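A look at the structure
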Amino acid sequence: MESVPIVDFSAYSLDRNEPDPERFQKLIDDIYEAFTTIGFVYLKNYDGVLDKKVDQVYEHTKKFFLLDYETKMKCEQGNIGGGFINFERESSTGDVMKRPHMDLRESFLFLPPSATTKIWPEEMPEFKENMEDMLFTGKELLHRVLEVIARGLKCEDPLIFVKKHQNIGTAESCTSIRLNHYPPTADIEVKKNQVRCGEHSDWGSITFLFQDKDGLEVLNRQGQWVSAPPIDGTIVVNIGDALQRWSADKLLSSKHRVVNPVSESDKRANRYSIIYFGSPDVGTTLECVDGSNKYPPINLKEYNEQQYNKQYNIS
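These lines cover the structure that appears in this document, whether it is placed above or below. The structure displayed is predicted, hence computed values, not measured ones. (Residues numbered from 1 in each chain as written. Predicted model: local features only at pLDDT ≥ 70, side-chain atom pairs only at ≥ 80, totals over all residues. Heavy atoms only, no water.)

With that settled, consider helix α1 (residues 24-37). Along its 14 residues, α1 runs 20 Å from first to last C-alpha, staying within 8% of the 20 Å computed at 1.5 Å per residue. Taken residue by residue, α1 has Phe24, Leu27, Ile28, Ile31, Ala34, Phe35, Thr36 and Thr37 as its buried positions. Contacts from the buried residues of α1 go to β1 (6-8), β2 (40-44), α4 (127-152) and β10 (234-239). Remark: Gly39 follows α1 within two positions and exhibits a positive phi of approximately 80 degrees. (Helix = DSSP H or I, 4+ residues; strand = E, 2+ residues; numbered from the N terminus. Expected span 1.5 Å × (residues − 1). Buried < 20%, exposed > 50% of the residue type's maximum accessible area, 1.4 Å probe, protein only. Contact = heavy atoms within 4.5 Å.)

Spelled out as structure tokens, the structure:
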């Protein structure tokens, strides 16, 4: 598959109590095909309620990043995790030879276990509530996508992944929401090989991405970078490293990146994105669901440490 496909999720959208029996198998097959070939998909017709939550979070995203530097820095938590992450403070790639300079973005991370009152700006009293609403609304769609994936893998228990994502919003889960702001590149000095977000794969189970501008590219199996621009009425969903391992590599966690704009008008435009990182519950053991033991069972905490060390070349 050379490009990211669009899949209609209406057979199991959030306004349904049960899946449509006539169309459910096609949905399962379409999702399985996408996630085993390119690892990414555009979902459409999933639910209107989530869209409203996303619109609210977009408003707060833009408002937050318009705050002055001193106010945003008050929302920083440093090594504790969560809160404001300043411009050019992160490298998604972790490869200093390939990408010696930090990403051209600033971010806000909402990770409930570490989300102290310090990270929320006093100027935006509804910010925290909106983020929490999106976290729990996204959980419902996350569960349905995970069930569809398990059925595509022909797991004996179709809820095997859902049962390991029950504690979202508590200290027993690492599921998080990240808000990204990519300032106009026309206003900054772009260094050699510096991009808005370096190539990487996600560590967790599945990711939901909401974006307002072009720039996202996905590496397909042919080694080609294919564009994944925003499409009205859809969200981008991709497989993370944990689910690839869990599935014994049947599912594909593809590398992706956000490249710099080319046209003069795009160089002068802001880009915003909202990312919902679904992650297994703390204490989960990742064990190949097909019984192959292609990878030995591993505790999520140990797995995350391995992923961190691998990305940042720590031995």
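Moving on, there is more to tell.
This paragraph deals with the layout of surface pockets. Empty pockets left among the atoms are what a rolling probe the size of a water molecule brings to light. What the second largest pocket holds in volume is close to 510 Å³. Forming the walls of the second largest pocket are 21 residues, and the residues nearest its centre are Ser201, Asp241, Lys255, Gln307 and Lys310. Among the elements of the structure, β6 (197-200), α5 (241-246) and α7 (300-311) are those that each provide at least two residues to the lining of the second largest pocket. Per-element tally for the lining of the second largest pocket: the top contributor is α7, with four residues. Of the residues belonging to the lining of the second largest pocket, the class tally is three nonpolar, ten polar and eight charged. (1 Å grid on protein atoms, 1.4 Å probe; cavity = no way out; pocket = protein on both sides within 12 Å on 5 of 7 lines; lining within 4 Å. Points joined across faces, edges and corners; volume = space filled by probe spheres on them. Nonpolar A, V, L, I, M, F, W, Y, C, P; charged D, E, K, R; others polar.)

Mapped onto the secondary structure, Leu135 falls in helix α4. Among the residues examined, Leu135 registers a relative accessible area of 1% and is labelled buried. Placed 41 residues apart in sequence, Leu135 and Ser176 show a C-alpha to C-alpha distance of 7.6 Å. Not counting residues within four places of it along the chain, the set of residues in contact with Leu135 comprises Phe110, Pro112, Ile168, Gly169, Thr175, Ile177 and Tyr276.

Below, the discussion takes up the sheet that holds β1. Taken in spatial order, the eight strands make up an open sheet running β1-β2-β10-β7-β12-β5-β4-β3, and their pairing is mixed. Edge positions in the open sheet fall to β1 and β3 (83-85), since each of these has one partner strand only. Going from strand to strand, the sheet's axes swing by 25 degrees on average, the running direction of each strand aside. Of the strands in this sheet, β2, β4 (106-110), β5 (176-182), β7 (206-211), β10 and β12 (271-278) are in contact with α4, which crosses β7 at around 125 degrees. (Pairing = 2+ DSSP bridges. Axes fitted to C-alpha atoms, helices over the stretch in contact; angles between N-to-C directions.)

What follows concerns α4. With 26 residues, α4 should cover 38 Å at 1.5 Å per step; its first-to-last C-alpha distance of 37 Å lies within 8% of that length. Phi turns positive, to about 60 degrees, at Lys154, one or two residues after α4.

Under the definition given, this model contains zero disulfides. Sulfur of Cys288: no disulfide; nearest cysteine sulfur belongs to Cys155 and is 11 Å away. (Disulfide = S-S within 2.5 Å.)

Moving on: the sheet that holds strand β11 (residues 256-258). As summarised here, the arrangement of the four strands in space is β6-β11-β8-β9, forming an open sheet in which the pairing is antiparallel. If you trace the sheet from one side to the other, it starts and ends with β6 and β9 (225-227), each paired once. With strand direction ignored, the average angle separating the axes of adjacent strands in the sheet is 20 degrees. With three bridges connecting them, strand β8 (residues 216-219) and β9 associate as antiparallel partners.

Right, let's get into the packing of helix α2 (residues 48-65) against α4. Relative orientation of the contacting elements α2 and α4 amounts to 145 degrees, with a least axis distance of 9 Å. In terms of crossing hand, the pair formed by α2 and α4 is left-handed. Contacts between α2 and α4 pair Val49, Leu50, Lys53, Val54, Gln56, Val57, His60 and Phe64 from the former with Phe127, Asn130, Met131, Asp133, Met134, Thr137, Gly138 and Leu141 from the latter. Of the residues assigned to the contact of α2 with α4, the class counts are nine nonpolar, five polar and two charged. (Left-handed = near helix turned anticlockwise from the far one by under 90°.)

With 63 residues, the main nonpolar core has Leu43, Phe108, Ile149, Phe208 and Phe210 as its most contacted residues. The element that contributes the greatest number of residues to this core is α4, accounting for eleven residues. In this structure Phe208 touches Gly138, Leu141, Leu142, Val145, Ile235, Val236, Val237, Ile274, Ile275 and Tyr276, once residues within four positions along its chain are discounted. If you look at the next biggest cluster of nonpolar residues, it comprises eleven residues, including Ile38, Tyr42, Leu216 and Ala228. (Core = buried A, V, L, I, M, F, W, Y, C linked by side-chain atoms within 4.5 Å.)

The values reported here are purely geometric and, on their own, carry no functional implication.
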